[in-house]
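# Residue-level structure breakdown
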Amino acid sequence: MDFVPGGELSRRIREGDVSAESELIRQFEPGLRVLLRRRTGGDHGLLQDLVQETLLIVIQRLRGDGIEDPQKLAAFAAQTARNLAIASLRKAERQRTDVDSEATDRNADPTQSVDRIASDLEAALAVRALLRELPQPRDRLMLKRFYLDDHDKELICQELDLSEAAFNQALSRARRRFRQILEERGFAKRDLLSLGL
Amino acid sequence: MNQELIEQYVAGRLSEDHAQAFEDYCLANPDFARQVEYEQRLKAGIVEVARGTTAEFVRSNHPLHLRLAAAASVLLAFVAMFYFWNPGSPAAAPTIMAAVTDTTPRDGISLRLALVRGSDTAPALPAGMVRVEIVGLFDLGNQYSVALDRLEQNKKIDTIATLNDQHPSSPVSLEVMIDSKQLRSGLYSLRVRKQASGEEALDFGFVKF
């Protein structure tokens, strides 16, 4: 993807160029998802909401007053997303009270709950497929140690009697296959699953 | 930016200042950001799979273990056959999933499942005894296993019923019966695998409200 400098995007959006707004969304959305994924604790619904809200705020700002330094548009969008995530966290804290958890379960909003499950489901299903494919038990254990137990590479290499090169190669292979599985199944675009026809 | 930095960011090992600089870079570099997101999702997927058990990570491919597992499976299959198919047994549990037979009525409730790109909603399982048609490309000369998994938010993925030796009803469909009232509300997946082949299983999700 060709990167369009923030200054140029800002100018075009201010001049009413709708295609520039689409470019801004294409350009910033992946980064916003990374940033907000770290701050939303796996809540996919919240992640989506905050990404959209951030983009909307940035576009409205560029349509109106603009930003102080258009060259720093990416940093402005990132900071907007961080502020929204903090505000959302504060709101959740304010709303947190002692709840009757059984009653909450009984009255849970099924739509929201399903959406949240589905967000984990995509990656979980791909991981399961990946684990089924890995021929060496050592490779599965390596993934567990690295991603789940957060052990250092050095420690894992010692434990599993692996050279660092072999470790990196196996990890890279697993990553590539995980990505492939998601893409093959259409998970990458979050267009998972099946549809009643 | 290199892979090590991505790993440190995803593992939460960067200082806040470094993490913010990293995020700013992601916003300016969408292709790099996608790479980071895959790493985040791989970690999240592993955490999710391991919520209930880490057995999937430590299962062994050792032939002895495989033989023991196979022996245990056969024994379990016999126990299950006795348990489910003994009509006189007062303890017989209701069947959640069953094969479609020639005598299964065709005019009952049905649900069609297919892998469709562009859909982000899972179809809902109707109430009652539902004839579920799984749409895909099937080899009429092969048998398939169908596993029904319950996907719990904070728990492991539980396989609650499995049917083996199923024949496709056509080159594009395989059918099973599911008793909806036996299922709790939640998200489920039907995992279809061609038996005696190394082909990857296909997952078809649905929701029971």
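### Considerations on the overall build of chain B
A tally of regular secondary structure across chain B gives five helices and eight strands. Buried residues in chain B amount to 40% of all 209 residues. In chain B, the share of contacts with a sequence separation of at least 24, taken over all contacts with a separation of at least 6, comes to 62%. Accessible area for chain B stands at about 11000 Å²; split by element, carbon and sulfur atoms hold 58% of it.

### Some remarks on empty space enclosed by the protein
Scanning the entire structure with this criterion turns up two cavities of 30 Å³ or more. One number sums up the size of the largest cavity: a volume of about 80 Å³. A:Phe146, A:Tyr147, A:Asp150, B:Glu7, B:Val10, B:Ala11, B:Arg13, B:Glu39 and B:Lys43 together form the lining of the largest cavity. Put simply, the parts of the chain that give the lining of the largest cavity at least two residues each are helix 7 (137-148) of chain A together with helix 1 (3-10) and helix 3 (30-49) of chain B. Here the residues of the lining of the largest cavity are counted per class, giving four nonpolar, no polar and five charged.

### Details of the pattern of salt bridges
Tallying each qualifying case throughout the model produces 32 salt bridges over all chains. The partner of A:Arg38 in a salt bridge is B:Glu23, with the nearest N and O atoms 2.8 Å apart. Of this pair, A:Arg38 sits in helix 2 (residues 18-39) while B:Glu23 is found in helix 2 (residues 16-28), placing the two residues in two different chains. Residue A:Arg38 is classed as partly exposed on the basis of its relative accessible area of 31%. Taking relative accessible area as the criterion, B:Glu23 reaches 0% and is therefore assigned buried.

### Looking at the sheet that holds strand 5 (residues 157-166) of chain B
All names here are of chain B. Read from one edge to the other, the open sheet built from four strands follows the order 5-4-7-8, with strand pairing classed as antiparallel. The two strands at the open ends of the sheet, each matched to only one other strand, are strand 5 and strand 8 (202-208). Across the sheet, the mean angle separating the axes of adjacent strands is 20° when strand polarity is ignored. Pairing of strand 4 (residues 144-151) with strand 5, which is carried by seven bridges, proceeds in the antiparallel orientation. For Arg150, the partnering residue across the bridge sits in strand 5 and is Asp158.

### Considering the nonpolar core
By size, the foremost hydrophobic cluster in this structure holds 34 residues, and its most contacted members are A:Leu130, A:Met142, A:Leu143, A:Phe167 and A:Phe178. Mapped onto this core, the elements with two or more residues apiece are helix 6 (110-133), helix 7, helix 8 (153-160) and helix 9 (164-184) of chain A together with helix 3 of chain B. Per element, the largest residue contribution to this core is nine residues, and it comes from helix 6 of chain A. Listed in part, the 24 residues of the second largest apolar core include A:Ile13, A:Ala20, A:Leu55 and A:Ala78.

### Here we look at the packing of aromatic side chains
Residues and elements named next belong to chain B. Per the counting criterion, the structure on display carries six aromatic pairs over all chains. A centroid spacing of 5.6 Å and a plane angle of 65° characterise the contact between Phe22 and Phe32, whose relative ring orientation is edge-to-face. Of the two residues, Phe22 is situated in helix 2 and Phe32 in helix 3; the sequence distance between them amounts to 10 residues. Take Phe22 and Phe32: they sit in the same class, and that class is buried.

### Section: unusual backbone geometry
In this structure, A:Asp150 takes a positive phi of about 55° despite not being glycine. Along the polypeptide, A:Asp150 turns up in the loop between helix 7 and helix 8.

### Remarks on the confidence of the model for chain A
Residues and elements named next belong to chain A. The predicted model of chain A averages 79 in pLDDT, with 78% of residues at 70 or higher. Per-element averaging of pLDDT across chain A places helix 5 (residues 101-106) at the bottom with 49 and helix 2 at the top with 91. A low-confidence stretch, residues 103-118 (pLDDT under 50), is modelled with 16 contacts involving residues beyond four sequence positions or located in other chains. Below pLDDT 50 for its whole length, residues 189-197 participates in 47 contacts with residues either more than four positions away or in separate chains.

The rules behind each value
- Residues numbered from 1 in each chain as written.
- Chains lettered and ligands numbered in written order.
- Predicted model: local features only at pLDDT ≥ 70, side-chain atom pairs only at ≥ 80, totals over all residues.
- Heavy atoms only, no water.
- Helix = DSSP H or I, 4+ residues; strand = E, 2+ residues; numbered from the N terminus.
- Buried < 20%, exposed > 50% of the residue type's maximum accessible area, 1.4 Å probe, protein only.
- Contact = heavy atoms within 4.5 Å.
- Areas by Shrake-Rupley, 256 points an atom, 1.4 Å probe, with all protein chains shown as cover.
- 1 Å grid on protein atoms, 1.4 Å probe; cavity = no way out; pocket = protein on both sides within 12 Å on 5 of 7 lines; lining within 4 Å.
- Points joined across faces, edges and corners; volume = space filled by probe spheres on them.
- Nonpolar A, V, L, I, M, F, W, Y, C, P; charged D, E, K, R; others polar.
- Salt bridge = Lys/Arg side-chain N within 4 Å of Asp/Glu carboxyl O.
- Pairing = 2+ DSSP bridges.
- Axes fitted to C-alpha atoms, helices over the stretch in contact; angles between N-to-C directions.
- Core = buried A, V, L, I, M, F, W, Y, C linked by side-chain atoms within 4.5 Å.
- Phe/Tyr/Trp six-rings, centres within 6.5 Å; stacked < 30°, edge-to-face > 60°.
- pLDDT = per-residue confidence, 0-100.

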